[in-house]
Amino acid sequence: MSTSFKLHARINQLTDWLKEDALPYWSTTGINQHNGAVYEQMLFNGQADLAANQRIRVQARQIMVFCAAQQHQWLNNSLPIVSRIVAFMH
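Below is a short write-up of the structure. Fair warning: this is a prediction, and the values are worked out from it, not measured in the lab.

It is worth spelling out the overall build of the protein chain at this point. Scanning the protein chain from terminus to terminus reveals three helices and zero strands. When the elements of the protein chain are put in sequence order from the N terminus, they spell out α-α-α. In terms of overall dimensions, the protein chain has C-alpha extents of about 50 × 30 × 20 Å along its principal axes. Across the 90 residues in the protein chain, those meeting the buried criterion constitute 30%. Long-range contacts, defined as pairs at least 24 residues apart, comprise 38% of the intrachain contacts of the protein chain with a sequence gap of at least 6. Surface exposure of the protein chain reaches about 6,300 Å², of which carbon and sulfur atoms provide 57%. Computed over 7 positive and 5 negative side-chain charges, the inter-centroid distance for the protein chain is 7 Å.

Put into structure tokens, the structure is as follows:
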């Protein structure tokens, strides 16, 4: 198996994980439903770490991720999530 083929196979695996696992998880469990902010980090049990700070850098990074997901059509409900994160930042 060529290196190029292995690389493409790995890219496809990671893209599938992003679309099927990571984005749905972060767009639901990763969002504070009360204020629209993105949680800073998650605990090992998968729940939000409510004691962690909420940094603007994390909010901005997740805005970029959700916008890219919308652009690639990997997550169709991204724009309302982005709007809520922006409202939190203001």
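There is more to say, and it comes next.
Turning to the nonpolar core, a few remarks are in order. Formed by Leu23, Ile31, Val38, Val58, Ile63, Phe66, Ala69, Leu75, Ile81, Val82 and Ile85, the largest nonpolar core amounts to eleven residues. When contributions to this core are tallied by element, the ones reaching two or more residues are helix H2 (56–71) and helix H3 (78–89). Of the residues forming this core, the biggest block, four residues, is contributed by H2. In contact with isoleucine 85, other than residues within four places in its own chain, are Ile31, Gly36, Val38, Gln59, Ile63 and Phe66.

Viewed as axis vectors pointing N to C, H2 and H3 meet at an angle of 160°, and their least axial separation amounts to 9 Å. The orientation of H2 with respect to H3, classified from their angle, is roughly antiparallel. In this structure, the crossing between H2 and H3 has a hand that is left-handed. Here H2 contributes Ile56, Gln59, Ala60, Ile63, Phe66, Cys67, Ala69 and Gln70 to the contact with H3, which in turn contributes Ser78, Leu79, Ile81, Val82, Ile85, Val86, Phe88 and Met89. Taken together, the residues of the contact of H2 with H3 sort by class into 13 nonpolar, three polar and no charged.

The rules we used
- Residues numbered from 1 in each chain as written.
- Predicted model: local features only at pLDDT ≥ 70, side-chain atom pairs only at ≥ 80, totals over all residues.
- Heavy atoms only, no water.
- Helix = DSSP H or I, 4+ residues; strand = E, 2+ residues; numbered from the N terminus.
- Buried < 20%, exposed > 50% of the residue type's maximum accessible area, 1.4 Å probe, protein only.
- Contact = heavy atoms within 4.5 Å.
- Areas by Shrake-Rupley, 256 points an atom, 1.4 Å probe, with all protein chains shown as cover.
- Lys, Arg positive; Asp, Glu negative; His and termini not counted.
- Charge placed at Lys NZ, Arg CZ, Asp CG, Glu CD.
- Core = buried A, V, L, I, M, F, W, Y, C linked by side-chain atoms within 4.5 Å.
- Axes fitted to C-alpha atoms, helices over the stretch in contact; angles between N-to-C directions.
- Parallel < 35°, antiparallel > 145°, perpendicular 65-115°, else oblique.
- Left-handed = near helix turned anticlockwise from the far one by under 90°.
- Nonpolar A, V, L, I, M, F, W, Y, C, P; charged D, E, K, R; others polar.

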